[in-house]
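Examination of the molecular architecture
The lines below spell out each chain.
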Amino acid sequence: MTSEHRYRLTTTWTGNLGGGTTGYRDYDRAVTVEVDGKPVLLGSADRPFRGDPTRWNPEDLLLAALSQCHLLSYLHACVTRGVVVTDYVDEASAVMEVQGNGGAFREAVLRPQVTVREVSMVDEAIAAHHDAHEWCFIANSVNFEVRVEPVVTAAG
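All of these numbers come straight from a predicted model, not from anything done at the bench.

Rules of the game
Residues numbered from 1 in each chain as written. Predicted model: local features only at pLDDT ≥ 70, side-chain atom pairs only at ≥ 80, totals over all residues. Heavy atoms only, no water. Pairing = 2+ DSSP bridges. Helix = DSSP H or I, 4+ residues; strand = E, 2+ residues; numbered from the N terminus. Axes fitted to C-alpha atoms, helices over the stretch in contact; angles between N-to-C directions. Parallel < 35°, antiparallel > 145°, perpendicular 65-115°, else oblique. Left-handed = near helix turned anticlockwise from the far one by under 90°. Contact = heavy atoms within 4.5 Å. Nonpolar A, V, L, I, M, F, W, Y, C, P; charged D, E, K, R; others polar. Core = buried A, V, L, I, M, F, W, Y, C linked by side-chain atoms within 4.5 Å. Buried < 20%, exposed > 50% of the residue type's maximum accessible area, 1.4 Å probe, protein only. Salt bridge = Lys/Arg side-chain N within 4 Å of Asp/Glu carboxyl O. Phe/Tyr/Trp six-rings, centres within 6.5 Å; stacked < 30°, edge-to-face > 60°. Lys NZ or Arg CZ within 6 Å of the ring centre and 35° of its normal.

Taken together, three strands build an open sheet; the order of strands is β4-β7-β9 and the sheet is mixed. The sheet terminates laterally at β4 (85-90) and β9 (151-154), the two strands that pair on one side only. Recorded for the sheet is a direction-independent mean angle of 15° between the axes of neighbouring strands. Bridge count between strand β7 (residues 112-116) and β9: four bridges; the pairing is parallel.

Encoded structure:
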């Protein structure tokens, strides 16, 4: 069974300093990203590309999407496997290579630290990461490696 889901947002450049893009250093990289009913997201380029380091950049957002998608898929996988998760923290990272005016992500690594309720759930909790990786819409949509290096422990 196939279903289609559509997403819509508005991205607006707010960095015109008065002269538009008359030169590479003559404009700000500030943007807003808006989705109806959600807080406005303040974005920019990454710092090496003359961006504002206090704002989200596309590279941060891509890694955040991978991490969050895996987390949500993982929680679902744990429910289906009878695993009770009590804590989950992911210290994710990614590597992007820039060549000339372009570039691409080479890899992302998700490092979830998961706590489950009972020791008897640890093996199934580890296996649920495979399910989550297979189910993650974002990981299935990128053309670079996404590795998952989980650590699962039991509470108490």
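So much for the structure itself; the text now carries on.
Between helix α1 (residues 58-81) and helix α2 (residues 122-135), the least distance of the axes is 8 Å, while the angle of their chain directions is 130°. By the criterion of interaxial angle, the relationship of α1 to α2 is oblique. The interaxial crossing formed by α1 with α2 has right-handed handedness. Note on element contacts: α2 touches α1 through Glu124, Ala125, Ala127, Ala128, His129, Asp131, Ala132, His133 and Trp135, opposite His70, Ser73, Tyr74, His76, Ala77, Cys78, Thr80 and Arg81. Residue classes in the contact of α1 with α2 are distributed as eight nonpolar, six polar and three charged.

Glancing now at the nonpolar core. Membership of the largest hydrophobic core comes to 13 residues, with the highest contact counts inside it found for Tyr74, Val83, Val114, Val116, Ala125 and Val152. Every element with two or more residues in this core is listed here: α1, β7 and α2. The residues contacting Val116, other than those within four sequence positions of it, are Val83, Val84, Val85, Thr86, Met121, Val122, Ala125, Val152, Thr153, Ala154 and Ala155. Within the second largest apolar cluster, 10 residues are counted, among which are Leu66, Cys69, Leu110 and Val146.

The next thing to look at is the sheet that holds strand β2 (residues 31-34). Taken in spatial order, the three strands line up as β1-β2-β3 in an open sheet, and their pairing is antiparallel. Two strands lie at the open edges of the sheet, namely β1 (10-13) and β3 (41-43), each paired on one side alone. Here the strands of the sheet are splayed against their neighbours by 25° on average, with no regard to which way each runs. As paired strands, β1 and β2 are joined by four bridges and run antiparallel to one another. Considered in β2, the bridge of Thr12 is made with Thr32.

In this section: the pattern of salt bridges. Enumeration according to the criterion identifies nine salt bridges in this entry. Arg6 is paired through a salt bridge with Glu4; the nearest N and O atoms lie 2.6 Å apart. Among the ionic pairs, Glu97 bridges to Arg106, the shortest N-O distance being 2.4 Å. Assessed through its relative accessible area of 45%, Arg106 is described here as partly exposed. A network of salt bridges, in which partner residues are shared, links Glu107, Arg111, Arg147 and Glu149.

Let us now look at the packing of aromatic side chains. On inspection of all chains with the given rule, the structure shows three aromatic pairs. Pairing Trp13 with Tyr27 gives two aromatic rings, centres 6.2 Å apart and planes at 80°, and the pair type is edge-to-face. Taken together, the residues Trp13 in strand β1 and Tyr27 in the loop between β1 and β2 connect sequence positions 14 residues apart. What makes Tyr27 partly exposed here is its relative accessible area of 22%. Lying over the aromatic face of Tyr27, Arg29 brings its terminal NZ or CZ to 3.9 Å of the ring centre.

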